[in-house]
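For reference, the chains in residue letters:
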Amino acid sequence: MSENTRISLQITNLSCAGCAGRAERALAAVEGVQKASVNLANATGQVAAAPRVQLEQLTAALKSAGYPAAESEVTLALSGMSCASCVGRVERVLLAVPGVLSASVNLASETAQVRFLTGTARVADLTRAVTEAGYPARPSGAAEDETEQASQRKSDEIAALRRQVLIAALLTMPVFVIEMGGHMIPALHHWVAANLGMQNSYLLQFTLTTLVLAGPGRQFYVKGFPALFRGAPDMNALVALGTSAAYGFSVISTFAPRLLPAGTANVYFEAAAVIVVLILTGRFLEARAKGRTGAAIRKLAGLQPKTAMVVAGGEAVETPVEEIAAGDMIRVRPGERIAVDGEIVSGSSYIDESMISGEPVPVAKAPGDEVTAGTVNGNSALEFRATRVGRDTVLAQIIRMVEHAQGAKLPVQGLVDRITLWFVPAVIAVAALTVLAWSLFGPAPSLPLALVAGVSVLIIACPCAMGLATPTSIMVGIGRAAQMGVLFRKGDALQRLQEVQVVALDKTGTLTEGRPALTELICAEGFTREEVLRLSGAAEAQSEHPIALAIVAAAGKGLPQADAFEAIPGYGLRAEVDGHAVLAGAARLMVREGIELGALAAEGEKLAKRGETPLYAAIDGRAAAVIAVADPIKPGTPAAIKAFHDEGLKVAMITGDATATAQSIAARLGIDAVKAECLPADKVAAIQDLQAEHGALAFVGDGINDAPALAAADAGIAIGTGTDVAIEAADVVLVSGDLRGVVNALTVSRATMRNIRQNLGWAFGYNVLLIPVAAGVLYPLGGPLLSPALAAGAMALSSVFVLSNALRLRRLKPAIDEDQAGPASLAAGGREARA
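Residues numbered from 1 in each chain as written. Predicted model: local features only at pLDDT ≥ 70, side-chain atom pairs only at ≥ 80, totals over all residues. Heavy atoms only, no water.

As annotated in an unreviewed UniProt entry, the protein is P-type Cu(+) transporter from Leisingera methylohalidivorans DSM 14336. Under Sequence similarities (unreviewed entry), UniProt gives the following word-for-word description of the protein: "Belongs to the cation transport ATPase (P-type) (TC 3.A.3) family. Type IB subfamily." Checking UniProt for the protein, the heading Subcellular location (unreviewed entry) contains the comment "Cell membrane". (UniProt positions renumbered as here; feature names shortened; annotations may be inferred.)

Following this line, the structure appears as structure tokens:
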């Protein structure tokens, strides 16, 4: 901060004058603050502070007082970035803007995600700072519009590069044939000398090469030299220096050869021209590949139709989707894609939700059910009421979540950033030392050899490959995960998830369906299943207990009316149904009423040992049946647990259920460790115990009580069908609510990190090995002296290799097929008989 600077802060949680006073005192207590005032009306704080006071001190003081400073986030679309060095410079420029808390720049997507203090910094300040640094910036718009604009910009860029490559190649071809062809084919050299003349040949090469450098190659100079003069050289600066050196030496050799030592006046016009052609070709291929890294986002954004049929006054009118408001009635015909989120009012159909959830089986929908934008209606017409539109739809939230995660910077990227920050200056220094060494110690004629080696060093260096190695893999990997129904809310979860040694699972709603269901009914002699279900279901219909609801659901519709209903706390209930006296409840109810259970008692004990809850029904004073109620295991759970074990992971269950029930379920599913009877705080302690014993841990849960555990785990995975609180606390969200999605998340994480390691290994290995070769270290040993043209080709192919390797992740297959599931009959208990 500068001397006598006034800092403006937006402050949250201010509800009264007392709050404002406390926030004001918290700011004033920071050492170095000269004056602080807080305005309750507009929730702002004004601070006059000494130069040594940092924004972090002020925000920390407000946070400690319970009135944190408001923060904002913005995504900036950038242009002009060409290599990893640009990333570091843009981040430094953004962090230098007062009020900016963090900045993360992604070379692959050409975006910057900036978090800043609301009121202290403005978006206009950010865009201006970055633009003035040589990287034009603008705020990103709405997800769909921005995706379309980005796609169009990428198409325009590819088309422009294609034209530049074509023009440069046509102009370079004669230069290459005359010069390089003459070296390789002596007869051609003699023909040129005899018919064209060497001086005329040089003049022709000079003219064509000048057109190449001033036309298609101009971009390297208008970007590279300003960056060099600012003391922040980039990839463009390397190309500009290398081609200028080759071109300048050739110009002197052509027009003023006497200025050079005898025997050194050679031309390298073909090197300068070919370098431009090859690097432009590499950028063209790179742009095409980078365009494909965002395919998942474009595919998601393309799911929402442009229009929908809005019903008003009994008429359906085709309306642009941006004009639809919450509460509008929408009509969707068979086979049409649903435009916004809503609730079905009339009609029933099957909805294909595979593009969002990853589940291939269409889902039955009826009045009262929710529908989601982007899904496809089946073979029946529906009318639904819009509930969420625009940026509030589930689809729009998914797109934002994926975009945010794709722009994340993994911990491994920190090392890369530190290296690439100094990479280009280091390459320039190596090139200068190379020229000096060849000039002093090289064989005659040393000057041309020094020039060739120095230019080759400048051209072969490839910071682009290092800069693209991590972000391209992240973009493709997270995009592919989204297509599998796995949403990474935080990009760094990719790295943390592949490190886990144990997967801890909540039971209810995660391992199980989260709602009780009738799993078995065993009748006594003289009673039928239909009769028992009909009478006991009618009696239970008067109760609100979850177990009662499970019995009613199994009994079906058309139940008779129960009379004389009486709930017996701690035991069960009694009622009269169609003239029959019905009792339903725990075994102790039967004992209290003097009803002999006979063989049903043994059956009930077996069910209890399996972790199910046994209830008994008596009709007209006789024991009629034992009914088992349990929370069914989700179909995909057994296959998921087997997959965890196949990957060498330990599996644990953390639940609030009784120990006996949890142990029973664990034994049936092959779970390795059980932490039962856990309150929310106990779950955090259980996670810490498992981390101490096994290492990094991923926790999977769905309820509000799982939020602390999700936050405490190394990687928190929320079931997408769970609560918003759980989802907000998680790093990864499973859209479908199926545990098989956890296996897919692990698969994507490991494949992406493996891909990143391959890319980084190539990028660093390429530079470490080939820069010395370009400098000529092999020449004294009889090895080759690399030509600048070959160096340019190698550099161009390096970036293309990294991008192509990252794009392989688009073909990543789910670890478990969607139709692969364990036995559906497995069920979990966890509820004692009603008290």
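So much for the structure itself; the text now carries on.
Turning our attention to the overall build of the protein. A tally of helices and strands in the protein yields 29 helices and 30 strands. Long-range contacts, defined here as pairs at least 24 residues apart, represent 69% of the contacts in the protein between residues at least 6 apart. For the protein, the accessible area works out to roughly 35200 Å², and carbon and sulfur atoms hold 57% of it. (Helix = DSSP H or I, 4+ residues; strand = E, 2+ residues; numbered from the N terminus. Contact = heavy atoms within 4.5 Å. Areas by Shrake-Rupley, 256 points an atom, 1.4 Å probe, with all protein chains shown as cover.)

Bringing the UniProt feature "transmembrane region" (unreviewed entry) in the protein into the picture now. The UniProt entry lists residues 165-185, 191-214, 235-255, 267-285, 419-441, 447-470, 760-779 and 785-803 under the feature "transmembrane region" (unreviewed entry), expressed in the numbering used here. Helix makes up 84% of residues 785-803 and strand 0%. Its end C-alpha atoms lie 29 Å apart.

A few words on the side chain of Lys634. Within the element layout of this structure, Lys634 appears in the loop between strand E24 (622-632) and helix H23 (637-646). Among buried Asp, Glu, Lys and Arg side chains, Lys634 stands out as unpaired, with Glu513 the closest opposite charge at 5.6 Å. Those residues in contact with Lys634 that lie beyond four places of it in its chain are Gly509, Thr510, Leu511, Thr512, Glu513, Ile719 and Gly737. (Buried < 20%, exposed > 50% of the residue type's maximum accessible area, 1.4 Å probe, protein only. Lys, Arg positive; Asp, Glu negative; His and termini not counted. Salt bridge = Lys/Arg side-chain N within 4 Å of Asp/Glu carboxyl O.)

Turning our eyes to something else, we now look at the pairing of strand E5 (residues 100-106). Counting buried positions along E5 gives five out of seven residues, so the element sits mostly inside the fold. The antiparallel hairpin formed by E5 and strand E6 (residues 111-117) contains four residues in its connecting segment, where Glu110 sits at a positive phi of about 55°. (Pairing = 2+ DSSP bridges.)

Applying the stated criterion across every chain yields a total of 13 salt bridges. For Arg574, the salt bridge goes to Glu566, with nearest N and O atoms at 3.2 Å. A residue is classified by how much of its surface remains accessible, and Glu566, at 40% relative accessible area, is partly exposed. Connected through salt bridges with shared partners, the residues Glu566, Arg574, Arg592 and Glu593 form a single ionic network.

Turning to the sheet that holds strand E4 (residues 71-78), a few remarks are in order. Spatially, the four strands line up as an open sheet ordered E5-E6-E4-E7, and their pairing is antiparallel. Where the open sheet ends on each side, the last strands, each with one partner, are E5 and strand E7 (137-139). Here the strands of the sheet are splayed against their neighbours by 25° on average, with no regard to which way each runs. Pairing analysis gives seven bridges linking E4 to E6, with the strands arranged antiparallel. (Axes fitted to C-alpha atoms, helices over the stretch in contact; angles between N-to-C directions.)

Let us look at the nonpolar core. Residues Leu78, Leu94, Val114, Leu126, Phe488, Leu497 and Phe644 are the most contacted members of the largest nonpolar core, which totals 144 residues. Here this core takes 14 residues from helix H28 (residues 740-775), the largest share from any one element. Among residues more than four places away in sequence, those in contact with Val114 are Ser72, Glu73, Val74, Leu76, Leu94, Val100, Ser102, Ala103 and Leu126. Grouped together as the second largest cluster of nonpolar side chains are 39 residues, Leu521, Ile522, Val582 and Ile619 included. (Core = buried A, V, L, I, M, F, W, Y, C linked by side-chain atoms within 4.5 Å.)

A few words now on the confidence of the model for the protein. When pLDDT drops low, the exact placement of atoms in the prediction is not to be read closely. For the protein, per-residue confidence averages 81 on the pLDDT scale, and 87% of positions sit at 70 or higher. Low pLDDT, under 50, characterises residues 818-835; the stretch is placed with 74 contacts to residues that sit more than four places away or in other chains. (pLDDT = per-residue confidence, 0-100.)

Counted under the stated rule, the structure contains nine aromatic pairs. For the pair Phe206 and Tyr247, a centre-to-centre distance of 6.2 Å together with 20° between the ring planes defines the contact as stacked. Pair noted here: Phe206 is in helix H7 (residues 198-214) and Tyr247 is in helix H9 (residues 235-255), with a separation of 41 residues, a long-range link. The lysine or arginine in question, Arg592, covers the ring of Tyr571, its NZ or CZ lying 5.0 Å from the ring centre. (Phe/Tyr/Trp six-rings, centres within 6.5 Å; stacked < 30°, edge-to-face > 60°. Lys NZ or Arg CZ within 6 Å of the ring centre and 35° of its normal.)

Turning to a nonpolar patch on the surface, a few remarks are in order. There is a patch of nonpolar side chains on the surface, built from Leu433, Leu436, Leu440 and Phe441 and spanning about 490 Å² of accessible area. With respect to the element layout, Phe441 can be found in helix H14 (residues 411-441). Looking at Phe441, the relative accessible area reads 70%, which means it is exposed. (Patch = residues over 30% accessible without salt bridge, like charges linked within 9 Å, V, L, I, M, F, W, Y side chains within 5 Å.)

Summarising burial for H23: seven of the 10 residues are buried, a large majority. Elements that come into contact with the buried residues of H23 comprise strand E18 (502-505), helix H18 (507-511), strand E25 (650-654), helix H24 (659-669) and H28. Just beyond H23, the residue with positive phi is Gly648, at close to 80°.

To continue, consider the packing of helix H16 (residues 463-483) against helix H29 (residues 788-807). At their nearest, the axes of H16 and H29 sit 9 Å apart, and the two run at 15° to each other. Here H16 is positioned roughly parallel relative to H29, judged by the angle of their axes. As H16 runs across H29, the sense of the crossing is right-handed. Of the residues in H29, those touching H16 at Cys464, Ala465, Leu468, Ala469, Thr472, Ser473 and Val476 are Ser798, Ser799, Val802, Leu803, Ala806 and Leu807. (Parallel < 35°, antiparallel > 145°, perpendicular 65-115°, else oblique. Left-handed = near helix turned anticlockwise from the far one by under 90°.)

Read across the sheet, six strands follow the order E9-E8-E10-E16-E11-E14 without closing on themselves; strand pairing throughout is antiparallel. In this open sheet, the two strands that pair with only one neighbour each are strand E9 (315-320) and strand E14 (370-371).

A word on unusual backbone geometry. The phi dihedral of Ala564 is positive, around 50°, even though this residue is not glycine. Backbone geometry at Asp578 places phi at a positive 50°, although glycine is not the residue there. Here Asp578 is to be found in the loop between strand E21 (572-577) and strand E22 (580-585). Judged by its relative accessible area of 44%, Asp578 falls in the partly exposed class.

What follows concerns a positive patch on the surface. On the surface, Arg754, Arg757, Arg808, Arg810 and Arg811 cluster together into a patch of positive charge. Along the polypeptide, Arg810 turns up in the loop between H29 and strand E30 (827-828). (Charge placed at Lys NZ, Arg CZ, Asp CG, Glu CD.)

With that settled, the discussion passes to the side chain of Asp341. In this structure, Asp341 sits in strand E11 (residues 341-346). Within polar-contact distance, the side chain of Asp341 engages the backbone nitrogen of Ala373 at 2.8 Å. In terms of polar contacts, Asp341 uses its side chain to reach the side chain of Arg388, at 3.1 Å. Apart from the residues within four sequence positions on either side, Asp341 is in contact with Val371, Thr372, Ala373, Phe384, Arg385, Ala386, Thr387, Arg388, Asp392, Thr393 and Val394. (Polar contact = N/O pair within 3.5 Å; in protein donor to acceptor, adjacent residues only side chain to side chain.)

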